[in-house]
Structures are given as C-alpha cells and as structure tokens.
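Structural description and commentary
As a plain string of letters, each chain reads:
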Amino acid sequence: MKRALFPGSFDPLTLGHCDIITRGVTLFDELIVAIGVNSDKKYMFSLDERQRFIEETFANEPKVKVMTYEGLTVDFCQEIGVEFILRGLRNPADFEFEKAIAHTNRCLSEIETVFLLTSARTSFIASSIVRDVIRNHGDYTKLVPGSVRVK
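Summary of the structure given here. (Residues numbered from 1 in each chain as written. Predicted model: local features only at pLDDT ≥ 70, side-chain atom pairs only at ≥ 80, totals over all residues. Heavy atoms only, no water.)

This part is about the nonpolar core. Core analysis: the largest hydrophobic core is formed by 28 residues, its most contacted members being Leu13, Ile21 and Ile54. Of all the secondary-structure elements, those providing two or more residues to this core are β1 (3-8), α1 (15-24), β2 (30-36), α2 (47-57), β3 (64-69), β4 (84-89) and α5 (127-135). Ignoring sequence-local partners within four residues, the contact set of Ile54 consists of Phe10, Leu13, Val33, Ile35 and Val66. (Core = buried A, V, L, I, M, F, W, Y, C linked by side-chain atoms within 4.5 Å. Buried < 20%, exposed > 50% of the residue type's maximum accessible area, 1.4 Å probe, protein only. Helix = DSSP H or I, 4+ residues; strand = E, 2+ residues; numbered from the N terminus. Contact = heavy atoms within 4.5 Å.)

Right, dumping it as structure tokens:
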C-alpha cells in the first residue's frame, strides 16, 4: 500500500491545498493530511478548527486521513510507516525551498518527496494571503473551501 503524508499548518485550508489533496489521492492508496504543530507559532485558527476544516472538506474521500504531529516530518513519517511526502509547488521560489527540504529529508531518511505543481487556477493562493484577506474583512470565500468559516 502506497501511503503519503501531506504536511502543513493549514492555517487555513485553501483551495490550493484542496487541489493538491484531490490530485494526490489519485496517486496514493492513502493520503494523510498532517497538521504540524509548532508551539512557537501563533495561528489564526485553532488546531481543532484546522482539523475540522480538512475533515469536513474531505468527508466523502475515504483515502484522506487527518493527523497532527510535532517535530520533524520525517520522524513522524517513520513513526507511522509512511514512505512518501507530498508537496505542492506554486512557483520557482517554492521549488528552491522545497528542494532543500527534500534533500535534507533524504539525508535523514529514505523517505521520498513527490512534488505536484498547483493548478493554474489556484497557484496564487497562499494561507498567508488568505489570513491577510480575513484580517482586513475581505471576501476570503473565493480562496477556501466551504468548510472554512470565520467567526
């Protein structure tokens, strides 16, 4: 069984994330969307909210599981027996950053990183941009799935 981990903070889940997840399930038998927890980081949405966003969005996709973790992604992959990390690439800067992480992960483990290019319709979406739109009371609904609701 081919299992992959799609790690991120998902603060919040965006249509770009959804694009990668939807396409990733066609490549793997199981795709674990793993919410990384960093106690030094201040999140806009709680861990429970972020988990709910993903679970609601993919409630009808049995190949998608949601988990949380702390520490190195490769350590978590080894702990749960996952052999692939899935990452989305929006632009050349993403590639350079993700390439360095992928090489480091290969140095630390035998886990392979698989890259998917985001679709043209979602390639401009980033969680940081969505948070800025939300903070400034803009219409964020065009950038996120329906499960993401601001209180």
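Back to the write-up after that little detour.
What follows deals with the environment of Ser9. Within the element layout of this structure, Ser9 appears in the loop between β1 and α1. Residues Ser9 and Ser46 lie 37 residues apart in sequence; the distance between their C-alpha atoms is 10 Å. Residue contacts for Ser9: discarding those within four places in its chain leaves Ile35, Gly36, Lys41, Tyr43 and Arg50.

Attention now goes to the pairing of β2. Within β2, 7 of the 7 residues are buried, which leaves the element mostly enclosed by the surrounding structure. Of the two faces of β2, the one lined by Glu30, Ile32, Ala34 and Gly36 and the one lined by Leu31, Val33 and Ile35 are each fully buried. Pairing of β1 with β2 involves 6 bridges; the strand directions are parallel. Note that in β2 the partner of Ala4 across the bridge is Leu31. As for the winding sense of the linkage, the β-α-β connection from β1 through α1 to β2 is right-handed. (Pairing = 2+ DSSP bridges. Right-handed = clockwise from strand over helix to strand, strands pointing away.)

This next bit is on the pattern of salt bridges. One pass over the structure, following the stated rule, counts 10 salt bridges. The partner of Arg52 in a salt bridge is Glu56, with the nearest N and O atoms 3.3 Å apart. Of this pair, Arg52 and Glu56 are both found in helix α2, 4 residues apart, which corresponds to roughly one turn of the helix. The class for Arg52 is partly exposed, based on a relative accessible area of 26%. Note that Lys142 and Asp139 form a salt bridge whose closest N and O atoms lie 3.9 Å from each other. A residue is classified by how much of its surface remains accessible, and Lys142, at 63% relative accessible area, is exposed. Judged by relative accessible area, which is 45%, Asp139 ranks as partly exposed. Each member of the salt-bridge network shares a partner with another, and the members are Arg52, Glu56 and Arg149. (Salt bridge = Lys/Arg side-chain N within 4 Å of Asp/Glu carboxyl O.)

A separate point is the sheet that holds β1. Read from one edge to the other, the open sheet built from 5 strands follows the order β3-β2-β1-β4-β5, with strand pairing classed as parallel. Every other strand in the sheet has two partners, leaving β3 and β5 (112-117) as the edge strands with one partner each. Here the average twist between neighbouring strands, direction ignored, is 30°. Bridge analysis of β4 against β5 gives 6 bridges, and the strand direction is parallel. Bridged to Phe84 within β5 is Glu112. (Axes fitted to C-alpha atoms, helices over the stretch in contact; angles between N-to-C directions.)

Right, let's talk about the environment of Leu47 for a bit. Within the fold, Leu47 resides in helix α2. Here the alpha-carbon distance between Leu47 and Phe10, two residues 37 residues apart in the chain, equals 9.3 Å. Among all residues touching Leu47, those that are not within four sequence positions of it are Ile35, Val37 and Thr68.

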